[in-house]
Amino acid sequence: MADLDIAERRMPQDGRIRLNVGGHPVDMRVSVLPTMFGESVVMRILDRSVVMLDLEAVGMPDDILVAFREAIRRPNGIVLVTGPTGCGKTTTLYGALNELNVVEDKLITTEDPVEYDIDGIVQMPIDASIGNTFAQCLRSILRQDPDKILVGEIRDLETAEIAVQASLTGHMVFSTLHTNDAPSTITRLRDMGVPPFLLTATLEAILAQRLVRKICKECREQTMPGTELLAQLDLTPDDVIDKKFYRGRGCAACNNTGYKGRTGLYEYMPINDQLRDLINRGASTEKIRDLALRTGMLPLRTSGLEKVFNGITTIEEVVRETVSDA
């Protein structure tokens with residue numbers, strides 16, 4: 001069903017199954033990995049009918065939402081969304097493209113594979129087996145008169161360089177990168193081989209994100225976390241004396257997990273003139289992070305704590321998905 005080679009047991013394989021379940025279009029991404037004792041199979045399920053490609057719905061705080069919308073509407077530059085696999089980077093970028101999808105502008109995406117079909121956007125699938133790589137596609141896209149370009153992922157120097165050239169020639173480029181937080185993205189691009197002066201000329205903003213599970217609204221109840229759990233967030237009982245914490249008791253609505261649905265944690269770093277100066281001087285990730293925090297960037301853990309205190313998620317989820325800022 002996934003169009004894999006059933007006779008091949010020694011190589012990793014990727015495939016895709018398109019199903020119709022109860023009238024809903026469902027996509028299943030299938031990954032097969034050879035192991036010592038047979039094959040490991042992981043399936044990723046995407047129900048296209050419930051996907052909300054709307055920036056309002058992804059859980060972005062109002063101040064970050066306003067700043068991010070301002071960045072994506074610029075005429076040229078690069079906006080990056082970073083985080084680990086499966087943290088919703090593509091969904092966030094598609095939410096941005098959805099807002100920018102007007103008749104006057106030509107939007108082209110190149111992805112591996114195309115995850116969502118959107119009317120009015122030219123979408124191009126990657127197929128490395130025939131030499132159709134991100135870099136190759138991006139070169140061709142530039143000859144198609146685009147206004148906004150989405151590159152599924154910047155994986156190597158070649159793709160990064162063409163993305164930079166595209167932004168220098170008057171295009172807005174959106175892409176994703178696998179880094180732990182927003183400041184370390186600069187170091188990652190420098191390590192790839194992108195010169196600092198090109199980074200400062202093109203980068204407009206970096207958004208790091210994580211996904212956490214939301215507490216089930218049907219069985220939400222107030223709780224008080226233990227001192228050990230608070231210590232993992234560098235908090236003491238005195239720090240949270242006036243705060244309320246919640247958890248899901250577990251019910252039929254959430255399959256007794258206590259969680260239903262997911263929301264994002266966000267760390268937004270606009271590239272201002274002070275940061276450009278630091279990047280040009282080849283500053284370390286720590287120095288870039290210090291300056292970003294001084295100029296108003298809120299780290300992922302702070303974003304998580306806000307959602308804990310607002311009763312949206314639990315301390316355990318935030319501890320699992322974020323690291324200490326210290």
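Residues numbered from 1 in each chain as written. Predicted model: local features only at pLDDT ≥ 70, side-chain atom pairs only at ≥ 80, totals over all residues. Heavy atoms only, no water.

(A) A look at the overall build of the protein chain. Looking only at helices and strands, the protein chain has eleven helices and twelve strands in total. Against the globule reference of 20 Å for 326 residues, the protein chain gives a C-alpha radius of gyration of 21 Å, in line with a compact fold. Reported as C-alpha extents along the three principal axes, the dimensions of the protein chain are approximately 60 × 55 × 45 Å. The proportion of buried residues among the 326 residues of the protein chain is 47%. Across the protein chain, the fraction of contacts at a sequence separation of at least 24, relative to all contacts at a separation of at least 6, is 64%. For the protein chain, the accessible surface area stands at approximately 16800 Å², while carbon and sulfur atoms represent 50% of it. Put simply, the protein chain has 37 plus and 47 minus side-chain charges, and the middle of one group is 2 Å from the middle of the other. (Helix = DSSP H or I, 4+ residues; strand = E, 2+ residues; numbered from the N terminus. Rg over C-alpha atoms; globule rule 2.2 N^0.38 Å. Buried < 20%, exposed > 50% of the residue type's maximum accessible area, 1.4 Å probe, protein only. Contact = heavy atoms within 4.5 Å. Areas by Shrake-Rupley, 256 points an atom, 1.4 Å probe, with all protein chains shown as cover. Lys, Arg positive; Asp, Glu negative; His and termini not counted. Charge placed at Lys NZ, Arg CZ, Asp CG, Glu CD.)

(B) Summary view of the side chain of Glu317. Along the polypeptide, Glu317 turns up in helix 11 (residues 315-321). Here the side chain of Glu317 touches Arg320 through a polar contact of 2.8 Å, side chain to side chain. Contacts of Glu317, omitting those with residues within four sequence positions, involve Val212, Arg213 and Tyr259. (Polar contact = N/O pair within 3.5 Å; in protein donor to acceptor, adjacent residues only side chain to side chain.)

(C) Main features of the environment of Gln13. In this fold, Gln13 is placed in strand 1 (residues 13-21). A relative accessible area of 14% means that Gln13 is categorised as buried. Expressed as a C-alpha distance, the spacing of Gln13 and Val32, which sit 19 residues apart in the sequence, is 5.1 Å. When residues no more than four places from it in sequence are discounted, the contact partners of Gln13 are Leu4, Asp5, Glu8, Val30, Ser31 and Val32. Polar contacts involving the side chain of Gln13 include one to the main-chain amide nitrogen of Asp5, which spans 2.9 Å. One polar contact links the side chain of Gln13 to the main-chain carbonyl oxygen of Glu8, over a distance of 3.3 Å.

(D) Summary view of the sheet that holds strand 2 (residues 24-35). Taken together, three strands build an open sheet; the order of strands is 1-2-3 and the sheet is antiparallel. On the outer flanks of this sheet lie strand 1 and strand 3 (38-47), each paired with one strand and no other. Adjacent strand axes in the sheet meet at a mean angle of 25°, parallel and antiparallel pairs treated alike. As paired strands, strand 2 and strand 3 are joined by ten bridges and run antiparallel to one another. The residue bridging Pro34 from the neighbouring strand is Glu39, located in strand 3. (Pairing = 2+ DSSP bridges. Axes fitted to C-alpha atoms, helices over the stretch in contact; angles between N-to-C directions.)

(E) Spatial organisation of the sheet that holds strand 9 (residues 203-215). Strands sit in the order 6-5-7-8-4-9-12 across an open sheet of seven strands; the sheet is mixed. Since the sheet does not close on itself, it has two edges, and those belong to strand 6 (121-125) and strand 12 (259-270), each with one partner. Each strand axis lies, on average, 20° off the axis of its neighbour in the sheet, ignoring direction. Where strand 9 and strand 12 come together, ten bridges link them in antiparallel fashion. The residue bridging Leu211 from the neighbouring strand is Gly264, located in strand 12. Along the sheet, helix 10 (residues 300-309) makes contact with strand 9 and strand 12, crossing strand 12 at roughly 140°.

(F) Molecular detail of the packing of aromatic side chains. Scanning all chains against the criterion turns up two aromatic pairs. When the centroid spacing of 5.7 Å and the interplanar angle of 75° are considered together, the rings of Phe245 and Phe309 count as edge-to-face. Highlighted residues: Phe245 in strand 11 (residues 245-248) and Phe309 in helix 10, separated in sequence by 64 residues. On the basis of relative accessibility, which here comes to 24%, the residue Phe309 falls in the partly exposed class. Over the aromatic face of Tyr259 sits the side chain of Arg213, whose NZ or CZ is 4.0 Å from the ring centroid. For the cation-ring pair, Lys243 lies above Phe309, with the distance from its terminal atom to the ring centre recorded as 4.8 Å. (Phe/Tyr/Trp six-rings, centres within 6.5 Å; stacked < 30°, edge-to-face > 60°. Lys NZ or Arg CZ within 6 Å of the ring centre and 35° of its normal.)

(G) Looking closely at the nonpolar core. Core analysis: the largest hydrophobic core is formed by 39 residues, its most contacted members being Ile186, Leu203, Ile206, Met269 and Ile271. Listed in part, the 29 residues of the second largest apolar core include Met60, Phe68, Leu93 and Met172. (Core = buried A, V, L, I, M, F, W, Y, C linked by side-chain atoms within 4.5 Å.)

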